[in-house]
Amino acid sequence: MNSAAAIEHRRAIKHFDPTHVMPEMDVARLIELAKLAPSSFNMQNYRFVLVRDPKLRQEIRAVAWDQAQVTDASLLVVMCADLTAHENPARYWAHAPKAVQDILVPATTPFYAGKPQLIRDEAMRSTGLAGMTLMLAAVELGYESCPMVGFDPDAVSKLIHLPATCAISYLIAIGKTTAAPWPRGDRLPDSEVVFTDRFPA
């Protein structure tokens, strides 16, 4: 499937086949592809928590508006981000020519240090890019997905033992669907979402 077809096909699916077991090779391929998502300074600050334990899935469902996709999907991913990724930049560029390392390594930490809002914004950007990549990869492998924000982040943080150095962004349920999605919502007109050079005065 080409990129345009994958984008057009992807929908937020609510009904998954709870009997479907995703092969480990598919799980590995999904993560492999998701890790190719871009991140600022190549920090790769996205973290994927693959929730496999059925009991833990039930506990997360209880704090996620009892949404069935939490337990019924073949794979539940908690999208998290490392808020300290900017503190150790050398490892992201060890493969690069020295001239590149000399520019990017010393620039990374000062760019974020002492700016908690920027750090958190970057975390959300990175997890957003990685999550979208993950969902498009799911389409390529014949799966459906559902990004989810309807949950108690504090409760889920406790359930997955989220480190204080990380933040939760959202959940993604992935699996085989058992029902057609709702009709796609109308897109807003270009006149409301596309501007040239600047917003109207």
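For the structure given in this document, a descriptive report is provided here. A quick note: this is a predicted structure, and the numbers were derived from the prediction, not measured.

## Examining the overall build of the chain
Scanning the chain from terminus to terminus reveals 8 helices and 4 strands. Going from the N terminus to the C terminus, the chain shows its helices and strands as α-α-β-α-α-β-α-α-β-α-β-α. Here the C-alpha coordinates of the chain stretch approximately 50 × 45 × 35 Å along the principal axes. Looking at the chain residue by residue over its 201 residues, the buried ones come to 40%.

## Comments concerning the pairing of strand 2 (residues 75-82)
Buried residues dominate strand 2, accounting for 8 of its 8 residues. Sheet topology note: the strand 1 (residues 46-51)/strand 2 ladder contains 6 bridges and is antiparallel. Across the sheet, the residue bridging to Phe 48 is Met 79, located in strand 2. Sheet topology note: the strand 2/strand 4 (residues 166-175) ladder contains 8 bridges and is antiparallel. The partner of Met 79 across the bridge, within strand 4, is Tyr 170.

## Structural notes on the packing of aromatic side chains
Evaluated as defined, the whole model comprises 5 aromatic pairs. Aromatic pair Phe 111 and Tyr 112: ring centres 4.9 Å apart, planes at 80 degrees, arrangement edge-to-face. Judged by its relative accessible area of 39%, Phe 111 falls in the partly exposed class. Among the aromatic residues, those joined into a ring-pair cluster are Phe 41, Phe 111 and Tyr 112. Positioned above the aromatic ring of Phe 111, the side-chain terminus of Lys 115 is 5.5 Å from the ring centre. Of note, Lys 176 hangs over the ring of Tyr 143, and the distance from its end group to the ring centre comes to 4.7 Å.

## Looking at the sheet that holds strand 3 (residues 144-148)
Taken in spatial order, the 4 strands make up an open sheet running 1-2-4-3, and their pairing is antiparallel. Both outer strands of the open sheet, strand 1 and strand 3, are each paired with one neighbouring strand and no more. Taking each pair of neighbouring strands and ignoring which way they run, the sheet shows an average axis angle of 25 degrees. Across the sheet, helix 6 (residues 116-140) is in contact with strand 1, strand 2, strand 3 and strand 4; its angle to strand 4 comes to roughly 10 degrees.

## Observations concerning unusual backbone geometry
Phi is positive for Trp 65, which is not a glycine, with a value near 60 degrees. Positionally, Trp 65 belongs in the loop between helix 3 (54-62) and helix 4 (69-72). For Trp 65, a relative accessible area of 68% translates into the label exposed.

## As for the pattern of salt bridges
Considering all chains together, one arrives at 7 salt bridges under this definition. Across the pair Arg 52 and Glu 24 runs a salt bridge, and its minimum N-O distance is 2.9 Å. A residue pair is termed long-range when its members are at least 10 positions apart, and Arg 52 in the loop between strand 1 and helix 3 and Glu 24 in helix 2 (residues 24-34) qualify at 28 residues. We note a salt bridge from Asp 82 to Arg 47, for which the minimum N-O separation is 3.3 Å. Of this pair, Asp 82 sits in strand 2 while Arg 47 is found in strand 1, placing the two residues 35 residues apart along the sequence. Classification of Asp 82 as buried rests on a relative accessible area of 11%.

About the cut-offs
Residues numbered from 1 in each chain as written. Predicted model: local features only at pLDDT ≥ 70, side-chain atom pairs only at ≥ 80, totals over all residues. Heavy atoms only, no water. Helix = DSSP H or I, 4+ residues; strand = E, 2+ residues; numbered from the N terminus. Buried < 20%, exposed > 50% of the residue type's maximum accessible area, 1.4 Å probe, protein only. Pairing = 2+ DSSP bridges. Phe/Tyr/Trp six-rings, centres within 6.5 Å; stacked < 30°, edge-to-face > 60°. Lys NZ or Arg CZ within 6 Å of the ring centre and 35° of its normal. Axes fitted to C-alpha atoms, helices over the stretch in contact; angles between N-to-C directions. Contact = heavy atoms within 4.5 Å. Salt bridge = Lys/Arg side-chain N within 4 Å of Asp/Glu carboxyl O.

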